Amino acid sequence: MTNSQTSVKPITKTVYDAIVIGGGHNGLTAAAYLARAGLSTLVLERREIVGGCCVTEEIAPGCRVSTTSYIASMLRPEVIQDLRLAEHGLRMIPCDPAIQVPFPDGQVVPWWVDRERAKREFATISVKDAERFVCVDDQLKKLARYLQPFFLEPPPEIDTRSMSGWAELFRVGKRFRGISNGEISQLVSFLTGSLGEFLDHNYESEKMKTIFLANNVYGKHGGPYQPGTALGLLFHLLSGGEHQLQGFSGHVIGGMGAITQALAAAGRKLGVEIRTSVPVAQIDVRGGRARGVVLEDGSELRGRMVLSNADPKRTFLKMVAAKELPEDFLSAIRGIKMDGPCAKVNLVLAEEPRFTGTPASATPLERTFYTLVPSLEFAERCYDIAKFGEIPEELWVDCVISSNADDSLAPKGQHILTCFAQYVPYRLRDGNWDEKRELLGDRVVKKIAEYAPNVPGTILARQVLTPLDLERTYGLTEGNIFHGDLRLEQLFFMRPVAGWSQYRTPIHGLYLCGAGAHPGGGVTGAPGHNAAHQALRDWKRGRFKEVAA
Ligand SMILES: Cc1cc2nc3c(=O)[nH]c(=O)nc-3n(C[C@H](O)[C@H](O)[C@H](O)COP(=O)(O)OP(=O)(O)OC[C@H]3O[C@@H](n4cnc5c(N)ncnc54)[C@H](O)[C@@H]3O)c2cc1C
């Protein structure tokens, strides 16, 4: 399934109950929930296709690629069920192995979904670490369960000067009922500690540490020894998929775009109108109240509520006149850390990549997912180089041969290899990304060739998406894949900025419903779900009864 054009029909109303700016997966999720509650809802997407950075696009004739996001790991089971996404064509197959790391010495270590099998595999590296793995896995899963409920509700706004602030404190307290003193200290260490130190403390083998690294720092700023990186361990153990499995990750049949196509189909069935190729230039704000939007072609549309799926910087610094927002709010939005730090290289190949060390007996699914990062030290150095504006010679590359999980993605005999390059800067010290695009592509291919030597000679088509391309094409400010880095000071009640974490904004009737809001980036549907429910609570209180005039 390739994300298709949906837009030719004219807009049918002069006033909508809700206008959603952006048809990313969160905008579509929010719109579907709003329409399900009976609100007339319009989605306006600037690109010619819906999906944002959860799309399948054709990059060569008959070759379809998840051009940006590529693995479904955290899509909320509640969203899948509420919106009946399976009935709208969504099908995922678990990644098993969840990841695998080929090492420079030729050993390939898969992390199997079945824990006993994983333990046996890890014992080939270190028997002691394999035993430790089971204890650590239990500990992490238990801690992740405390965080899980926060994903589908607004974070608390704690202000003990008011009764409602105390009620919020009570709500948080209830979530941690039964937690022990020891678990509280463990949670605090995860929130503030580094992944590297956690791994050094728990494992003796460098390979074992590298396997954990490979699964846990995606898309974030910071090398593995940066404080706050340990939190990724818990994020990856939230339940996902249709069956609520902890730590689930899946290959989506039809590519990631099948998720947003299913969301769009579910929304349309519930009455959502979706229009593409309609960039919104401005949010119409008068008297502190959102009254609709102005499109780039100058036409105006009125909405009783407006929800923005665009990132916080794009929403508040580009679409709202500065005079409508308090200066301290604007200053906090300007301070959100974005700035890269990753890129994508998508390849069409004339034959399947052959990764050295993969056993001849491996099934196609077992030959699908490879993470090329040899050690924590390598990753730390790679981040340091990128931090100073340079493209590391040696890149950390995640490779998914998606045609092995779904052979409908390419003509028979051809293969799709989608590659995520971790740690590249948005701001280059020398030159610009238009000049350096192919250099990045070459470095990614060179790295892959060290592990799968047949790849360079078999490339039929190559698409390189630099951080600048992610900004220009997909609308991600500074190329940030999460609409704001996932770091402690930008999470929970501090996302997008302190004081505004509950999807409302300083403008009455304007909500943020994308990854820039709690709980953040990744294809989860959670910000869209939560923002829609918050807007609906306000709607039911009668806050938007008057027609936007
Ligand atoms: C390269 C890359 C790899 C990733 N890999 C993974 C992965 O494997 N697994 C995973 O879970 N997550 C991954 N992510 C992260 C994940 O895809 C995103 O965090 C998530 O999709 C964001 O969804 P969203 O709906 O909030 O925003 P977006 O998908 O960014 O959607 C926002 C939409 O708003 C539109 N828009 C913006 N401004 C306007 C305007 N003025 N008018 C109209 N429309 C507008 C945009 O065009 C876009 O369609 C990846 C992201 C990238 C870029």
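Look up: the structure comes first, before these words.
Residues numbered from 1 in each chain as written. Predicted model: local features only at pLDDT ≥ 70, side-chain atom pairs only at ≥ 80, totals over all residues. Heavy atoms only, no water.

Caption draft 1: Local environment of the pattern of salt bridges. Under the definition given, this model contains 42 salt bridges. Each of Lys-313, Lys-337, Asp-339, Arg-427 and Glu-478 takes part in salt bridges that share partners, so that together they form one network. (Salt bridge = Lys/Arg side-chain N within 4 Å of Asp/Glu carboxyl O.)

Caption draft 2: Region of the structure containing the site of the ligand. With respect to spatial proximity, 32 residues lie near the ligand, and among them Asn-26, Glu-45, Ile-71, Ile-481 and Val-523 are the closest. Ile-71 is positioned such that a nitrogen or oxygen atom in its backbone is 2.7 Å from a nitrogen atom of the ligand. Between the ligand and Ile-481, the relevant distance is 2.8 Å, taken from an oxygen atom to a main-chain nitrogen or oxygen of the residue. In isolation the ligand has 1,000 Å² of accessible area, and contact with the protein removes 96% of it. Across the shell around the ligand, the residue classes tally to 16 nonpolar, 12 polar and 4 charged. (Near = heavy atom within 4 Å. Polar contact = N/O pair within 3.5 Å; in protein donor to acceptor, adjacent residues only side chain to side chain. Areas by Shrake-Rupley, 256 points an atom, 1.4 Å probe, with all protein chains shown as cover. Nonpolar A, V, L, I, M, F, W, Y, C, P; charged D, E, K, R; others polar.)

Caption draft 3: Quick look at the packing of helix 15 (residues 433-451) against helix 16 (residues 467-474). Between helix 15 and helix 16, whose axes approach to 9 Å, the crossing angle comes to 115°. Packed against helix 15, whose contacting residues are Trp-433, Asp-434 and Arg-437, the element helix 16 presents Pro-467, Leu-468, Asp-469 and Arg-472 at the interface. Considered class by class, the residues forming the contact of helix 15 with helix 16 number 3 nonpolar, no polar and 4 charged. (Axes fitted to C-alpha atoms, helices over the stretch in contact; angles between N-to-C directions. Helix = DSSP H or I, 4+ residues; strand = E, 2+ residues; numbered from the N terminus. Contact = heavy atoms within 4.5 Å.)

Caption draft 4: Summary view of the packing of helix 1 (residues 25-36) against helix 10 (residues 257-270). Interaxial distance between helix 1 and helix 10 falls to 9 Å at its minimum, and their mutual angle equals 20°. By the criterion of interaxial angle, the relationship of helix 1 to helix 10 is roughly parallel. The crossing of helix 1 and helix 10 is left-handed. Judged by residue contacts, His-25, Leu-28, Thr-29, Ala-32, Ala-35 and Arg-36 of helix 1 engage Thr-260, Leu-263, Ala-264, Gly-267 and Leu-270 from helix 10. In the contact of helix 1 with helix 10, the residues fall into 6 nonpolar, 4 polar and 1 charged. (Parallel < 35°, antiparallel > 145°, perpendicular 65-115°, else oblique. Left-handed = near helix turned anticlockwise from the far one by under 90°.)

Caption draft 5: Highlighting empty space enclosed by the protein. Scanning the model with the defined rule gives 3 cavities of 30 Å³ or more in all. One number sums up the size of the largest cavity: a volume of about 100 Å³. Around the largest cavity, the lining residues are Ser-66, Tyr-70, His-251, Val-252, Gly-255, Met-256, Val-400, Ser-402, Ala-405, Asp-406, Leu-409 and Thr-418. Listed by contribution, the elements that provide at least two residues to the lining of the largest cavity are strand 10 (250-252) and helix 14 (402-405). Residues of the lining of the largest cavity, tallied by class, amount to 6 nonpolar, 5 polar and 1 charged. Looking at the second largest cavity, its volume works out to about 40 Å³. Of the residues assigned to the lining of the second largest cavity, the class counts are 7 nonpolar, 1 polar and 1 charged. (1 Å grid on protein atoms, 1.4 Å probe; cavity = no way out; pocket = protein on both sides within 12 Å on 5 of 7 lines; lining within 4 Å. Points joined across faces, edges and corners; volume = space filled by probe spheres on them.)

Caption draft 6: Quick peek at the sheet that holds strand 15 (residues 342-349). Taken in spatial order, the 5 strands of this open sheet run 16-17-18-15-19, and their pairing is antiparallel. Across the chains shown, the open sheet's two edge strands, defined by having one partner strand only, are strand 16 (369-372) and strand 19 (459-465). Adjacent strand axes in the sheet meet at a mean angle of 15° when their direction is disregarded. When strand 15 meets strand 18 (residues 415-422), the two strands line up antiparallel, connected through 8 bridges. (Pairing = 2+ DSSP bridges.)

Caption draft 7: Layout of the nonpolar core. Residues Leu-34, Ile-259 and Leu-307 are the most contacted members of the largest nonpolar core, which totals 72 residues. Counting residues per element, this core draws most heavily on helix 1, at 7 residues. If sequence neighbours within four positions are ignored, Ile-259 has contacts with Cys-54, Ala-72, Leu-75, Leu-90, Val-252 and Val-523. Grouped together as the second largest cluster of nonpolar side chains are 58 residues, Phe-122, Leu-231, Leu-234 and Phe-235 included. (Core = buried A, V, L, I, M, F, W, Y, C linked by side-chain atoms within 4.5 Å. Buried < 20%, exposed > 50% of the residue type's maximum accessible area, 1.4 Å probe, protein only.)

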